Amino acid sequence: MMHAIEMLNITKEFPGIKANDDVTLKVRKGEIHALLGENGAGKTTLMSVLFGLYQADEGEIRVKGDKAHIRNPNDANDLGIGMVHQHFKLVNRFTVAENIILGAEDTRRGFLRYDDAIARIEKLSNQYNLNVDPHARVWDISVGHQQRVEILKILYRDAEILIFDEPTAALTPQEIDELMEILKMLAKEGKSIVFITHKLEEIRRVADRVTVLRDGKRVDTLEVSKTTNKDLAERMVGREVVFEIDKAPAKPKDAVLEVDNLHVYSPFRKQDVVRNMNFEVRKGEILCIAGIEGNGQTELVYGLTGLNPITSGTMKLNGEDVTGLDIRERSLRGISHIPEDRQRHGLILDFSLSYNMILQNYFQPPFQNRGFLQDSAIVNHANRLIETYDIRTSSGAATLARSMSGGNQQKAILGREIDRGNDLLIAVQPTRGLDVGAIESIHKQLIAARDAGKAVLIVSYDLNEVFMLSDRILVMYEGENVGVFDPQDTTESELGLYMSGSKRSESA
């Protein structure tokens, strides 16, 4: 059988780690082929070799049966290979059309044929139901639409082999559904798709075959219809995985966080995005905030942590009014924060992992003495967290945060914030970008924090996660609390009505 892509016996090493170890991947024309594995299993590295971002140390690549030498992404584009990266490669100030044609401009006598480009973009957008306005600026469109721009970029370049790296990591449930339909349509048109993921249900929905990687090695290639989620999970992590976490009933005590009539201003939107917000989070409970992305959840967390200004209302922590305190003071008073954007607000990417693990308390003993950082104590602290939270690194505590996979960056932040032992843990999308094994571990850690008497506030766009973890669910719509629910007494369908604004609780 002729394959669209054959990656034969690929080996790629970095200092201290063999990211790909004699891996073979064969993708048929017109199929959706999932690439499944834990964080650090080598999925993105393998696809970066195919796209020309890295060069393999051993092995060869064949495209439509012919041996290919892919030295850079331009070579990949010339061979009809396109890649949608997990972290989008867009210029925010440019329009959709300007981003799509960047590097592939059609000119005549030195002048850009912009109208022709717009017409072609609109044709592709309609053909694949992408529904993107070519004149909109990227900073004005949702994450889901930004991803569609990335898809149009590679279709504009006539790509026949499409690589998607963790494409659903930042999408809402509705956007995920839409993306799944787009992938099916692309495959039906004859495109060959490699779909990097760790989400088993998504593989079940769209993939024809799946190749499993573990610790840089290929474990197996399977027909999706002939395997189970349990089997895939065990192959991925090398052990049995528990999908349902046992959680004892909550025993809530005094309120740790009290929010009264809070209004939060968004400098970006130039208005109050959170309005009339009232709720409390108590010791020994998990309160999950559910809602469609973009309904004020991000701004609420920014207001609680000090990243955005509170216009009016009050916020109390253990009975103390902390509304006017800055970020550091709120942190020292007992707030741990796992941010939504791990690279922008969670880490300093060009710092070592050891320094990233002490960002909030580097000025306190034992990490400093008489104004000097104590490297031995800092490294020992980082090594303990690396082991406890299974953070995969190439050089241990000395590893640059930038060089780590997205999932391992997330685990580093989770470990740092949970380990601080604060009374309030605010976690936004805490398992975004993590594989099933890591998700299981993180869920257990969050429940353990609750059982240790911590107040846990989680913002999640994954309703399965919301129902699995929550003791109470607060739904946000257009910046307001539209209802608080007991997860035992409600359903996803019922919550969906509140999330879409179709219903509102009288008690909200």
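These lines cover the structure that appears in this document, whether it is placed above or below. Remember, it's a predicted structure, so these values are computed and weren't measured experimentally. The written sequence of each chain sets the order in which its residues are numbered from 1. In keeping with the model being predicted, local features are shown solely for residues with a pLDDT of at least 70 and side-chain atom pairs are shown and tallied solely at 80 or more, while totals for entire chains, interfaces and linings include all residues. Where side-chain values are given, they derive from all heavy atoms of the structure, hydrogens and water being excluded.

Another point: unusual backbone geometry. Residues Pro365 and Pro366 are joined by a peptide bond in cis, for which omega reads 5°. Only DSSP runs of H or I reaching four residues or more are called helices, and only runs of E reaching two or more are called strands; each is numbered from the N terminus. When you line up the elements, Pro366 lands in the loop between helix H12 (353-356) and strand S19 (368-369). With a phi close to 50°, Asn131 is a non-glycine residue in the positive phi region. Positionally, Asn131 belongs in the loop between helix H4 (114-127) and helix H5 (143-156). The phi torsion at Asp215 lies on the positive side, around 55°, for a residue other than glycine. A relative accessible area of 51% means that Asp215 is categorised as exposed. Each residue is placed in one exposure class: buried if its accessible area under a 1.4 Å probe, protein chains only, is under 20% of its type's maximum, exposed if it is over 50%, and partly exposed if it falls in between.

Here we take up the side chain of Ser331. Structurally, Ser331 is set in helix H10 (residues 327-334). We call two residues in contact when some of their heavy atoms are within 4.5 Å. Not counting chain neighbours up to four residues away, the residues in contact with Ser331 comprise Gln360, Arg420 and Asn422.

Paired through their backbone hydrogen bonds, the strands of a sheet run either parallel or antiparallel. Strand order across the open sheet formed by 4 strands is S2-S1-S4-S5, with antiparallel pairing between neighbours. Both outer strands of the open sheet, strand S2 (17-28) and strand S5 (66-68), are each paired with one neighbouring strand and no more. Sheet twist, expressed as the mean angle between neighbouring strand axes with direction ignored, is 25°. As judged from the 5 bridges shared by strand S1 (residues 3-14) and strand S4 (residues 58-63), these two strands associate in the antiparallel manner. Only strands that DSSP links by at least two bridges are regarded as paired with each other. Angles shown run from 0 to 180 degrees and are taken between the N-to-C directions of axes, each axis being a line fitted to C-alpha atoms and, for helices, limited to the stretch in contact.

With that settled, the discussion passes to the sheet that holds strand S13 (residues 255-266). An order of S14-S13-S16-S17 is seen for the 4 strands of this open sheet, with the pairing classed as antiparallel. Unpaired on one side and paired on the other, strand S14 (271-282) and strand S17 (320-321) mark the two borders of the sheet. With 6 bridges connecting them, S13 and strand S16 (residues 310-317) associate as antiparallel partners. The residue of S16 that forms the bridge with Leu257 is Leu317. Strands S13, S14 and S16 of the sheet are contacted by helix H9 (residues 297-305), whose axis makes an angle of about 115° with S13. Of the strands in this sheet, S16 and S17 are in contact with H10, which crosses S16 at around 20°.

A separate point is the nonpolar core. General note: in soluble globular proteins, nonpolar side chains tend to be found buried as a group. Buried Ala, Val, Leu, Ile, Met, Phe, Trp, Tyr and Cys residues that are joined via side-chain atoms within 4.5 Å together make up what is termed a nonpolar core. Of all hydrophobic cores here, the largest spans 51 residues; its most connected members are Phe164, Leu186 and Val210. Counting residues per element, this core draws most heavily on helix H6 (residues 173-188), which supplies 7 residues. Not counting chain neighbours up to four residues away, the residues in contact with Leu186 comprise Tyr128, Leu155, Leu162, Phe164, Lys191 and Ile193. Within the second largest apolar cluster, 42 residues are counted, among which are Met357, Ala427, Phe485 and Leu495.

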